[in-house]
Amino acid sequence: DSGVTQTPKHLITATGQRVTLRCSPRSGDLSVYWYQQSLDQGLQFLIQYYNGEERAKGNILERFSAQQFPDLHSELNLSSLELGDSALYFCASSARGGQGTGELFFGEGSRLTVL
Amino acid sequence: AQSVTQLDSHVSVSEGTPVLLRCNYSSSYSPSLFWYVQHPNKGLQLLLKYTSAATLVKGINGFEAEFKKSETSFHLTKPSAHMSDAAEYFCVVSDLGNNDMRFGAGTRLTVKP
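Now for a description of the structure that goes with this document. (Residues numbered from 1 in each chain as written. Chains lettered and ligands numbered in written order. Predicted model: local features only at pLDDT ≥ 70, side-chain atom pairs only at ≥ 80, totals over all residues. Heavy atoms only, no water.)

Our next topic: the nonpolar core. B:Trp35, B:Leu48, B:Leu76 and B:Tyr89 are the most contacted members of the largest nonpolar core, which has 26 residues in total. The element that contributes the greatest number of residues to this core is strand E10 (residues 87-95) of chain B, accounting for 4 residues. With residues near it in sequence (within four places) discarded, B:Leu76 still touches B:Val19, B:Leu20, B:Leu21, B:Trp35, B:Leu47, B:Leu48, B:Phe63, B:Glu64, B:Ala65 and B:Tyr89. Residues A:Val4, A:Ile60, A:Ala87 and A:Leu112 belong to the second largest nonpolar core, which totals 21 residues. (Core = buried A, V, L, I, M, F, W, Y, C linked by side-chain atoms within 4.5 Å. Buried < 20%, exposed > 50% of the residue type's maximum accessible area, 1.4 Å probe, protein only. Helix = DSSP H or I, 4+ residues; strand = E, 2+ residues; numbered from the N terminus. Contact = heavy atoms within 4.5 Å.)

If you want it as structure tokens, here you go:
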């Protein structure tokens, strides 16, 4: 158990809809990262928050947004969903501010299916 | 910018035989290198990491990797495969101090009885 909790584990929705994925980092970790994993794109970094502030942005679409709350949990909002958004979305946390400075602890992911 | 190439998308070995998963990297600066493992329906877990200390890095579950700057490689090895090693393995590179980790495409390891 990594200590990172993601909900929901599975989500099925229709095109055009909006969903919210939630992540609770390990106790004490200030950084939260979001990744998308799909068969054709592999593992893609979306965005990172550190202590409530956006720290780094990767290949995140404009239809997607995220935030980190004062209690350090994070939410990833996906809107105007398309079939191609179907993927496994991972949250990871780390104690430090940069991805390259230490270990990332991954949750078990939220599998999104868009029909 | 840094990048990483995992040379095999799929490796199949028999239980008890050695494992070799190959990774080449590209980095402008001193890289940090990582291997993560992903078991089915699970998140990624760190196996080992190299951050400019000893070039031979030992990780969990008997895995180790050697940083070879001249070959820009960071191959993952294990002397004897176990059935529980069957998983997807990701090589990851990050420039030291850079706020960006690049994941390889992954290598799926199959272990035959």
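There is more to say, and it comes next.
It is worth spelling out the interface of chain B and chain A at this point. With 17 residues of chain B at the interface, the matching set in chain A holds 18 residues. With both sides pooled, the region where chain B packs onto chain A buries about 1,400 Å², and carbon together with sulfur makes up 53% of that total. At the boundary of chain B with chain A, the tally comes to 1 salt bridge. Here A:Glu108 and B:Lys42 are joined by a salt bridge, their closest N and O atoms 3.2 Å apart. Between chain B and chain A we count 3 residue pairs in polar contact (both at pLDDT 80 or more) in total. Within the residue set of the side of chain B that touches chain A, elements represented by two or more residues are strand E5 (31-38), strand E6 (44-50) and E10 of chain B. Tallying contributions element by element places E5(B) first for the side of chain B that touches chain A, with 4 residues. Class assignment of the residues belonging to the side of chain B that touches chain A gives a composition of 7 nonpolar, 7 polar and 3 charged. (Buried area = accessible area lost by both parts, 1.4 Å probe. Salt bridge = Lys/Arg side-chain N within 4 Å of Asp/Glu carboxyl O. Polar contact = N/O pair within 3.5 Å; in protein donor to acceptor, adjacent residues only side chain to side chain. Nonpolar A, V, L, I, M, F, W, Y, C, P; charged D, E, K, R; others polar.)

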